[in-house]
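Residues per chain, in single letters:
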Amino acid sequence: MVIGSGATAVTLVPSLAGDAEHVTMLQRTPSYILSLPGRDPLAQLLRNKLPATLAYPLVRWKNVLLSTLLYQFSRRRPAAARKLIRRLTEKQLPAGFDVDTHFNPPYDPWDQRLCLVPDGDLFRSLRRGEASVATGRIATFTEKGVRLESGEHLDADVVITATGLNLLPMGGMSLRLDGKPVDVPEAVSYKGMMISGVPNFTMVIGYTNASWTLKADLVNRYVCRLLNHLDAEGYVAATPVAPPEGADLPFLDLASGYVQRSLASLPKQGSRTPWRLHQNYIRDVALMRRGRLDDEGMTFQRRVPVPTTEKAVA
């Protein structure tokens, strides 16, 4: 039995189904799950026709644009997105499957992260009878498995927990500035990568609606630009400042439990750039690769001379 229905669970279930007698995915709440080809046919075609230096950026931008369009469509037309995902899901499930119970989330698409499965491997396991889905809250563990609050008992020889993630901001570090602790939840995020009042400190927070490494790449490139600017202008520190109107928006806008549990330890974000954490790669490319380094949210400091005491010579 695998407890959960997020990315870890939907990856584990089909992987285990080939060796186990049967795998049950037990979820408290259904998730939106889409199937994508494990191999990109366009990428394979372009690699055969074009040099890698040209094929790679074309495929990369194709994937970026598709994921951006899906996210924007889901947020702007949630009812239509829900119907589309349901129709695609029904086509891959066995006949008579209880879609309303197991694949009908009570929230809109992208209120929480949407899961992708390669080549529909999760659905294939369900069609073959190698796996099944159960939905409900756990009442207790028993000697032979799990009993749900509904009274249903699910037998299990092995139980794997693929849920309960907690975000650990900055890897669990505690920040101190001039010997005083930094109150991170009271600070404001700058471009989603720095914290107001803290000089020369950056962190990587990836996208919640796309590949995490897309944002990591942009942050690392921005840091290199910033360091080069400090060297070129003779500065020793770059310190973000909070917006004059203040900021009180949550750092992340997902309703997922692991996000909500962690918001109290994350900085705030503002209502406008550069204090806004965009979930949009295209906007961030313009902001972080080409945007000004000396905008209204950033201050720069030079080295303060250390006073010296000269002795009088008789």
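In what follows, the accompanying structure is described. From a predicted model like this one, the values you see are computed outputs, not experimental measurements.

### Some words on the sheet that holds strand 6 (residues 138–142)
1) Next: Pairing is antiparallel across the open sheet formed by three strands, whose spatial order is 6-7-8. Sheet topology places strand 6 and strand 8 (153–155) at the edges, where each strand pairs with a single neighbour. Along the sheet, successive strands turn relative to each other by an average axial angle of 20 degrees, direction set aside.
2) Next: The pairing of strand 6 with strand 7 (residues 145–148) spans four bridges and is antiparallel. Paired with T140 across the two strands is R147, which belongs to strand 7.

### Quick look at the environment of I160
1) Next: If you trace the backbone, I160 turns up in strand 9 (residues 160–161).
2) Next: The class for I160 is partly exposed, based on a relative accessible area of 28%.
3) Next: The spatial distance from the C-alpha of I160 to the C-alpha of L12 is 9.4 Å, given a sequence separation of 148 residues.
4) Next: In contact with I160, not counting residues within four places along its chain, are M1, V2, I3, L12 and L16.

### Concerning a nonpolar patch on the surface
1) Next: There is a patch of nonpolar side chains on the surface, built from W61, L65 and I282 and spanning about 240 Å² of accessible area.
2) Next: Examined against the element boundaries, L65 turns out to sit in helix 3 (residues 52–76).

### Remarks on the nonpolar core
1) Next: In terms of nonpolar packing, the biggest core is built from 23 residues, with M193, Y222, L226, Y281 and M288 touching the most fellow members.
2) Next: Contributing elements (two or more residues each) for this core: helix 7 (212–233), helix 9 (281–289) and strand 15 (298–301).
3) Next: Element by element, the count of residues in this core is highest for helix 7, at seven residues.
4) Next: Contacts of M193, omitting those with residues within four sequence positions, involve F201, T202, M203, V219, Y222, V223 and M288.
5) Next: Listed in part, the 19 residues of the second largest apolar core include I33, F103, F123 and A162.

### Some thoughts on the sheet that holds strand 1 (residues 2–3)
1) Next: Strand order in this open sheet of four strands is 5-2-1-9, and the pairing throughout is parallel. If you trace the sheet from one side to the other, it starts and ends with strand 5 (131–135) and strand 9, each paired once.
2) Next: Where strand 2 (residues 23–27) and strand 5 come together, five bridges link them in parallel fashion. Each residue of the ladder has a partner; that of V23, found in strand 5, is A131.
3) Next: The strands touched by helix 1 (residues 7–17) within the sheet are strand 1, strand 2, strand 5 and strand 9, with strand 2 carrying the most contacts at an inclination of about 165 degrees.

### What about the packing of helix 1 against helix 6 (residues 121–128)?
1) Next: Between helix 1 and helix 6, the shortest axis-to-axis distance is 8 Å and the interhelical angle comes to 45 degrees. By the angle class used here, helix 1 and helix 6 are oblique. Every pair of crossing elements has a handedness; the one defined by helix 1 and helix 6 is left-handed. Along the contact surface, helix 1 presents V10, V13, P14 and A17, while helix 6 presents D121, L122 and S125.
2) Next: Broken down by class, the residue content of the contact of helix 1 with helix 6 amounts to five nonpolar, one polar and one charged.

Parameters and conventions
- Every chain's residues receive numbers from 1 upward, in the order its sequence appears when written.
- Local features in this predicted model are restricted to residues whose pLDDT is 70 or higher, and side-chain atom pairs enter the listing and the counts only when it is 80 or higher, whereas totals over whole chains, interfaces and linings include all residues.
- For the side-chain quantities, the full set of heavy atoms in the structure was used; hydrogens and water were omitted.
- The criterion for strand pairing is that DSSP finds at least two bridges linking the strands in question.
- Where helices and strands are cited, they refer to DSSP runs of H or I of at least four residues and of E of at least two residues respectively, numbered from the N terminus.
- The convention used is that axes are lines fitted to C-alpha atoms, helices contributing only their stretch in contact, and that angles between N-to-C directions extend from 0 to 180 degrees.
- Relative accessibility decides the category of a residue: with a 1.4 Å probe and only protein chains considered, values under 20% of the type maximum give buried, values over 50% give exposed, and everything between is partly exposed.
- Contacts: residue pairs with any heavy atoms within 4.5 Å of one another.
- Patches in this entry comprise residues that are over 30% relatively accessible and not in a salt bridge; like charges within 9 Å are linked, as are nonpolar side chains (Val, Leu, Ile, Met, Phe, Trp, Tyr) within 5 Å.
- Using a 1.4 Å probe, the Shrake-Rupley method yields the accessible areas, and only the shown protein chains count as cover for residues.
- One speaks of a salt bridge when a side-chain nitrogen belonging to Lys or Arg is within 4 Å of a carboxyl oxygen belonging to Asp or Glu.
- To form a nonpolar core, buried Ala, Val, Leu, Ile, Met, Phe, Trp, Tyr and Cys residues must be joined to one another through side-chain atoms within 4.5 Å.
- An angle below 35 degrees is read as roughly parallel, one above 145 as roughly antiparallel, one from 65 to 115 as roughly perpendicular, and any other as oblique.
- With the far helix as reference, a near helix turned anticlockwise by less than a right angle produces a left-handed crossing, and one turned clockwise produces a right-handed crossing.
- Gly falls in the polar group here, along with every residue not listed as nonpolar (Ala, Val, Leu, Ile, Met, Phe, Trp, Tyr, Cys, Pro) or charged (Asp, Glu, Lys, Arg).

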